[in-house]
Amino acid sequence: MANAVIAAVAAPSGADGAPVRGKDPSRHSGSNRSKPRESASVWVILAGVVVVLTLVLGLPVVKLLVSAFSPAGRTAMAGAFANHAETFWHSIVLGLLVGLIGTFIGFVCAYVETFIQMPGKKAMHWLTLLPTISPPFAAATAIITLFGKRGMVTNGLFGLEFNIYGLPGLVTVLTMTFTPVAYLNIKGMFENLDPATFEAASSLGASEFKTLFKVTVPMVLPAMLSSFLVLFVEGIADLANPLVIGGDYRVLASQIYFAVAGSGDISGAAGVALVLLVPALTVFFIQKYWANKKSVVTVTGKPTGSLKPVTSKTVTVPMLVIACLWIALVLMVYLSLFVGGFVKILGVDNGFTWEHFIFVHRLGSDAIGTTLLLTLLAAPIAALLALAIAWLVVRHFPRFGRILDLWGMLGIAIPGTVLGLGFALAYSESTVLFDYEVLPPLAGGLAVGGGAIAIVMVFIARGDPTGQQAFISALQQINPQVEEASTSLGASPLQTVRKVTLPLMSSALVTSITYAITKSMTTITAIIFITTPQTKVMTSQILDEVDAGRFGNAFAYSSLLIILVLVVLGLANILLRQLNHSKRS
Amino acid sequence: MSKRSQGKRALAVAMAATALVAMSGCGKVDSSKGSGTVSIACSQQEDFCQAVTKAFAKDTGIKTTYVRLGAGEVLARLATNPGEFDVWAGGQAENHLLADDKGMIEHYAPKGAGDLAADYKDDKGAWTGFYTDSIAFCSNTAELGKKGVKPPVSWADLLDNKLKGAVAMPHPATAGVGYMAMFTQAVLHNGDKGAAIDYFKQLNPNVMQYSKSAATGTEQAGRGEVSVAIALDSDCQKAIKAGYPDLKTTYPTEGTGYEVGAISVLKGARSIKNAKAFADWMMTTQAQNLYAEVPSYAAPTNPKAKIGDGVPRQDKVKKVDWNVRQAADARDAFIKSFESDIASSSSAK
């Protein structure tokens with residue numbers, strides 16, 4: 001365990017306008033060494049990434065910008081600031097709360113999972129992850145039936161008339177949906193921590209309580225910051241939940257939706273969406289700046305022991321209480337969702353019935369197959385894209401790479417409604433470059449493949465960012481020397497990634513695949529404008545049922561969707577584990 | 001160089017995958033370009049869309065596909081992707097008229113339109129009505145009882161202080177009934193739009209949430225999350241039948257607005273013949289009888305069609321004079337001022 005020395009080397013991986021910090025040896029040597037290694041394969045991958053990004057987030061975004069800066073779009077933009085300043089702040093407050101609370105709970109759950117010994121950890125792990133699979137509207141609807149004015153818990157058990165609509169409801173449901181991002185990110189980082197650091201802390205006489213704040217938290221700060229970023233952006237761009245549980249708490253995302261869905265005002269929506277990008281981008285830059293300053297290299301490639309469990313009651317008790325409360329909430333919401341599919345009207349008429357599932361069978365048989373097929377096509381591409389971007393950003397193009405990073409993040413930063421419109425605008429007709437037809441129409445009922453290609457592209461755009469952030473924070477944690485050792489032994493950069501880097505980031509890989517799959521299967525707003533008669537998707541049918549007020553059908557459909565996602569995730573997990581084993585052996 | 005071959009391999013896999021999707025879909029597109037298909041933008045509830053397309057396909061042998069979309073969504077898609085749909089079925093006549101103003105509609109009077117009452121069709125054939133229903137107050141009598149409020153029988157009753165945060169109102173931008181309520185107020189105030197806006201400003205503190213769709217309100221009322229919903233009488237009836245026995249439908253005595261759900265043939269249809277055939281078929285007694293079977297509680301426009309059990313009797317409802325042209329023209333301004341003057345001041349309460 002003599003590697004504790006390298007373990008604590010701070011490695012800011014280069015930041016814009018920071019020549020002062022250039023004297024940091026690790027940064028200098030890093031970029032110097034990497035220069036001659038920008039071999040052809042790196043350029044090929046860069047080109048591939050740029051092509052994919054141009055397709056999924058380039059053309060559609062350009063089309064949106066053009067509409068946003070048309071006169072109607074500019075009016076809407078000005079209006080968003082002038083008339084809707086309050087709405088704007090609402091969005092920001094919501095994003096901040098979701099980001100802070102979600103990251104905090106994610107940290108606690110990851111801490112309990114890693115450092116505290118107790119029975120049922122495996123079950124807890126899966127329960128914490130469960131809300132990842134949150135079909136639009138389902139969680140919010142379940143929360144209303146539990147905690148609404150006539151909620152089964154608030155009103156039924158305690159006789160309260162609690163107003164869940166508005167900020168409290170929104171924060172609860174959004175935090176629940178996105179906490180798993182933070183959990184997975186932070187847990188992955190914990191697993192890569194060097195136990196020697198903790199041994200050092202304890203032999204220097206630090207209490208476990210002190211170690212938590214002085215060692216543990218600082219070590220995983222990059223993961224916490226990147227989680228905060230994802231949660232903030234998801235929080236302000238989410239549409240489905242404000243529509244169900246927003247009450248009088250108005251946010252920009254729903255305003256955009258009303259502009260488009262009400263009067264087909266595409267320019268207006270694009271204008272407001274641009275306004276929504278401002279806070280998202282601000283947080284993005286702040287986070288990147290901090291993460292670079294605080295990044296800590298902890299993976300050195302040398303064999304390490306295992307983490308010693310924490311036993312101090314001052315640490316374990318509060319952690320366990322928070323984690324258990326959280327799990328209880330998740331359990332209640334998902335139980336009511338499952339039960340809701342089997343009873344006539346949950347909370348009103350609890351008689352058993354199959355009718356909801358019969359309806360789902362009649363309605364959704366072809367949508368289920370289509371959704372699965374499209375997801376299986378999109379998820380691997382999204383994960384690969386995320387990995388490629390992260391690798392280029394962290395290892396090869398620390399400056400220019402930031403643009404790639406930001407570009408990829410647009411996939412969640414642009415509200416789904418608007419992104420979907422961008423796709424409709426960009427791909428309803430064939431793409432022409434210098435009078436040559438480069439691409440046939442890809443979106444809409446007239447397109448090649450019945451519009452399926454555009455939907456796969458949306459899935460890629462939406463599925464990439466979470467994995468991208470996970471890979472970036474994982475890569476920053478890995479000492480470049482590990483990879484250099486591999487290259488100097490004659491491995492190509494790609495071999496190094498496959499055989500050395502990727503196995504060290506298995507947790508980020510799981511995060512990225514998980515999110516690519518769940519995002520694809522639960523994306524709704526982005527595809528409203530591009531679903532076609534030939535290509536139906538499960539979520540849009542769930543939305544229709546919620547719209548029609550038939551929650552039972554929506555619950556049944558959502559339960560089915562959740563089970564399907566779990567099956568797909570389970571298979572993906574087994575596959576990943578086998579890959580990992582074969583690599584490690 | 002193994003690294004290159006790997007890059008290429010990945011690319012090849014991606015390309016093969018894309019090609020696969022492309023090919024699997026190609027077949028579909030080819031078959032749908034034949035004369036035997038019709039593609040429908042359906043602005044009705046899913047089960048109704050399903051029932052009519054299935055029945056039409058069975059009757060005629062024409063392959064029928066649909067996407068369920070709200071009226072605003074249809075308008076947006078007709079603009080971004082013209083030619084995608086052949087027929088637009090469902091949604092208020094006003095919206096069809098707006099599409100017609102943008103030149104998206106092929107005028108056509110379906111066979112059988114002659115039997116319809118005058119206010120159920122457009123003179124020029126831009127749209128033809130196939131169902132109708134009215135705005136009502138959908139009250140949860142148990143909740144109202146707790147508050148000591150009687151089911152509202154006038155628009156003014158909704159302004160009662162005791163109903164603070166207890167009224168559901170659909171958002172006019174996305175739910176037709178929301179806009180209908182606004183236009184109704186304008187008609188009741190002799191066309192004074194300012195007075196109509198004022199009414200909704202006063203109502204605002206009582207509204208818990210402006211819901212995206214019309215049926216959400218009846219669901220909220222049924223659960224007791226709100227006490228009264230401004231809703232379509234057909235939706236309220238549907239909720240009662242679905243298992244919310246506490247719900248009760250009442251109408252404002254000063255008069256209420258109503259909708260005519262319309263069908264129109266779209267310009268640039270791939271098969272104009274099939275599109276027209278579908279429009280003709282929707283006017284038949286047989287098609288309109290499906291309402292009773294689904295069941296949907298809107299009333300069919302065909303006077304010979306059977307009126308299902310529990311369908312609100314539209315001839316008994318006191319209605320305001322409804323000018324579709326004016327309702328269409330006023331829509332944009334009304335929705336804009338709703339967004340800027342009413343909904344955004346929500347948090348004032």
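Keep in mind it's a predicted model, so treat the numbers as computed, not measured.

**Student:** Would you explain the overall build of chain B in this entry?
**Tutor:** Broken down by element type, chain B carries 12 helices and 11 strands. By residue count, 57% of the 349 residues in chain B fall in the buried class. Across chain B, the fraction of contacts at a sequence separation of at least 24, relative to all contacts at a separation of at least 6, is 75%.

**Student:** I tried to follow the overall build of chain A on my own but got confused; where do I start?
**Tutor:** Assigned secondary structure in chain A consists of 25 helices and four strands. A total of 585 residues make up chain A; the buried ones form 59% of that total. When contacts within chain A are restricted to residue pairs at least 6 apart in sequence, those whose partners lie at least 24 apart make up 81%.

**Student:** What exactly am I supposed to notice about the environment of Thr532(A) here?
**Tutor:** Position of Thr532(A) among the secondary structure elements: in the loop between α23 (506–522) and α24 (538–547). Taking the C-alpha atoms as reference points, Thr532(A) and Ala443(A), 89 residues apart in sequence, are found 8.6 Å from one another.

**Student:** Sorry if this is basic, but what is going on with helix α9 (residues 233–243) of chain B here?
**Tutor:** The α-helix advances 3.6 residues per turn, and as a result positions three or four apart in sequence lie on the same side. Counted residue by residue, α9(B) has eight buried out of 11 residues, so it is predominantly covered. Elements in contact with the buried residues of α9(B): β5 (128–140), α8 (214–223), β8 (228–232) and β9 (247–250) of chain B.

**Student:** Got a minute to help me understand the domain arrangement of chain B in this structure?
**Tutor:** Note: interface size is frequently given as the accessible area lost on complex formation between the parts. All names here are of chain B. Split by domain assignment, chain B resolves into domain 1 (32–132 + 259–311) and domain 2 (134–257 + 327–348). Each of domain 1 and domain 2 has a C-alpha centre, and the two are 27 Å apart. Taken together, the contact between domain 1 and domain 2 spans 14 residues of the former and 11 residues of the latter. Residue contributions to the side of domain 1 that touches domain 2 peak at three residues, all from helix α4 (residues 93–101).

**Student:** How do you make sense of the environment of Ala175(B) when you look at a structure like this?
**Tutor:** All names here are of chain B. Secondary-structure assignment places Ala-175 in the loop between β6 (167–170) and α6 (176–188). Under the C-beta neighbour-count criterion, Ala-175 is labelled buried, with 29 such atoms within 10 Å. In this structure Ala-175 touches Pro-170, Ser-211, Lys-212, Ser-213 and Ala-214, once residues within four positions along its chain are discounted.

**Student:** What's the story with the confidence of the model for chain A in this structure? I'm lost.
**Tutor:** Interpretation of the predicted coordinates at a detailed level should be avoided for regions scoring low in pLDDT. With 89% of its residues at a pLDDT of at least 70, chain A reaches an overall mean of 81. Contacts of residues 1–35 of chain A to residues separated by more than four positions or lying in other chains number 52 contacts, the stretch itself having pLDDT below 50.

**Student:** Just checking my understanding: could you explain the packing of helix α17 (residues 355–396) of chain A against helix α18 (residues 401–413) of chain A for this structure?
**Tutor:** Helices that pack against each other are described as a pair by the angle of their axes relative to one another and the distance between those axes. All names here are of chain A. Closest axis-to-axis distance for the α17/α18 pair is 8 Å, and the angle between their directions is 150°. When the axis of α17 is compared with that of α18, the two are roughly antiparallel. For α17 against α18, the interelement crossing comes out left-handed. Within the contact between the two elements, α17 uses Ile-389, Leu-392 and Val-393 and α18 uses Gly-401, Arg-402, Leu-404, Asp-405 and Gly-408. Among the residues forming the contact of α17 with α18, the class breakdown is four nonpolar, two polar and two charged.

**Student:** Before we go on, may I ask you to explain the pairing of strand β2 (residues 349–352) of chain A in this structure?
**Tutor:** Side chains on a regular strand alternate between the two faces of the sheet. All names here are of chain A. Sheet topology note: the strand β1 (residues 343–345)/β2 ladder contains two bridges and is antiparallel. Paired with Ile-345 across the bridge in β2 is Asp-349. In textbook terms, the turn of a hairpin is the stretch between consecutive antiparallel strands, and for β1 and β2 this stretch comprises three residues, one of which, Gly-347, has a positive phi near 90°.

**Student:** Explanation requested: the nonpolar core in the structure shown.
**Tutor:** Nonpolar side chains in soluble globular proteins generally cluster together in the buried interior. With 300 residues, the main nonpolar core has Ile143(A), Ala273(A), Ala454(A), Val458(A) and Val87(B) as its most contacted residues. Top contributing element to this core by residue count: α17(A), with 22 residues. Residues lining this core come from more than one domain, with at least three contributed by each of domain 1 (32–132 + 259–311) and domain 2 (134–257 + 327–348) of chain B.

**Student:** Sorry if this is basic, but what is going on with the environment of Val49(A) here?
**Tutor:** All names here are of chain A. Relative to the helices and strands, Val-49 resides in helix α3 (residues 40–68). Between the C-alpha atom of Val-49 and that of Gly-188, which follows or precedes it by 139 residues, the distance is 25 Å. Excluding its chain neighbours within four sequence positions, the residues that come into contact with Val-49 are Leu-385, Ala-388, Ile-389, Leu-392 and Leu-404.

**Student:** Help me understand the pairing of strand β10 (residues 258–266) of chain B, please; the structure alone is not making it clear to me.
**Tutor:** Residue and element names in this part refer to chain B. Taken across its nine residues, β10 has nine buried, putting it largely inside the fold. Neither face of β10 is exposed, since Tyr-258, Val-260, Ala-262, Ser-264 and Leu-266 on one face and Glu-259, Gly-261, Ile-263 and Val-265 on the opposite face are all buried. Relative to β10, strand β3 (residues 87–92) is paired through four bridges, and the arrangement is antiparallel. The residue of β10 that forms the bridge with Gln-92 is Gly-261.

**Student:** Got a minute to help me understand unusual backbone geometry in this structure?
**Tutor:** All names here are of chain B. Although it is not a glycine, Asn-190 sits at a positive phi angle of roughly 55°. Mapping Asn-190 onto the fold places it in the loop between α6 and α7 (193–203). Overall, Asn-190 belongs to the exposed group, with 7 C-beta atoms counted inside 10 Å.

**Student:** What exactly am I supposed to notice about the confidence of the model for chain B here?
**Tutor:** Residue and element names in this part refer to chain B. Mean pLDDT over chain B: 85, with 88% of residues reaching 70 or higher. When pLDDT is averaged over each helix and strand of chain B, the minimum, 46, is found for helix α1 (residues 2–32) and the maximum, 95, for β8. Here residues 1–5 is modelled with pLDDT under 50, and outside its nearest four sequence neighbours on either side it reaches 10 contacts, counting other chains as well. Note on the complex model: pTM 0.81, ipTM 0.76.

**Student:** What's the story with helix α2 (residues 46–60) of chain B in this structure? I'm lost.
**Tutor:** Residues and elements named next belong to chain B. For α2, built from 15 residues, the straight-helix expectation of 21 Å at 1.5 Å per residue is met to within 8% by its first-to-last C-alpha distance of 21 Å. For α2, the complete set of buried residues consists of Asp-47, Phe-48, Cys-49, Val-52, Thr-53 and Phe-56. Next to the buried residues of α2 lie β1 (37–42), β2 (63–68), α10 (272–283) and α11 (285–293). Of the residues one or two after α2, Gly-61 is the one with positive phi, at around 75°.

**Student:** Explanation requested: the packing of helix α19 (residues 416–427) of chain A against helix α20 (residues 452–477) of chain A in the structure shown.
**Tutor:** All names here are of chain A. Here α19 crosses α20 at 140°, and the two axes come no closer than 11 Å. With respect to each other, α19 and α20 are oriented oblique. Relative to α20, α19 is oriented so that their crossing is right-handed. Two secondary-structure elements touch here, α19 through Leu-419, Gly-420, Phe-423 and Tyr-427 and α20 through Ala-454, Met-457, Val-458 and Ala-461. Of the residues contributing to the contact of α19 with α20, the split by class is seven nonpolar, one polar and no charged.

Procedures and definitions
Residues numbered from 1 in each chain as written. Chains lettered and ligands numbered in written order. Predicted model: local features only at pLDDT ≥ 70, side-chain atom pairs only at ≥ 80, totals over all residues. Helix = DSSP H or I, 4+ residues; strand = E, 2+ residues; numbered from the N terminus. Buried ≥ 20, exposed ≤ 12 C-beta atoms within 10 Å, placed from the backbone. Contact = placed C-beta atoms within 7 Å. Domains from an automatic or database assignment. pLDDT = per-residue confidence, 0-100. Axes fitted to C-alpha atoms, helices over the stretch in contact; angles between N-to-C directions. Parallel < 35°, antiparallel > 145°, perpendicular 65-115°, else oblique. Left-handed = near helix turned anticlockwise from the far one by under 90°. Nonpolar A, V, L, I, M, F, W, Y, C, P; charged D, E, K, R; others polar. Pairing = 2+ DSSP bridges. Core = buried A, V, L, I, M, F, W, Y, C linked by C-beta atoms within 7 Å. Expected span 1.5 Å × (residues − 1).

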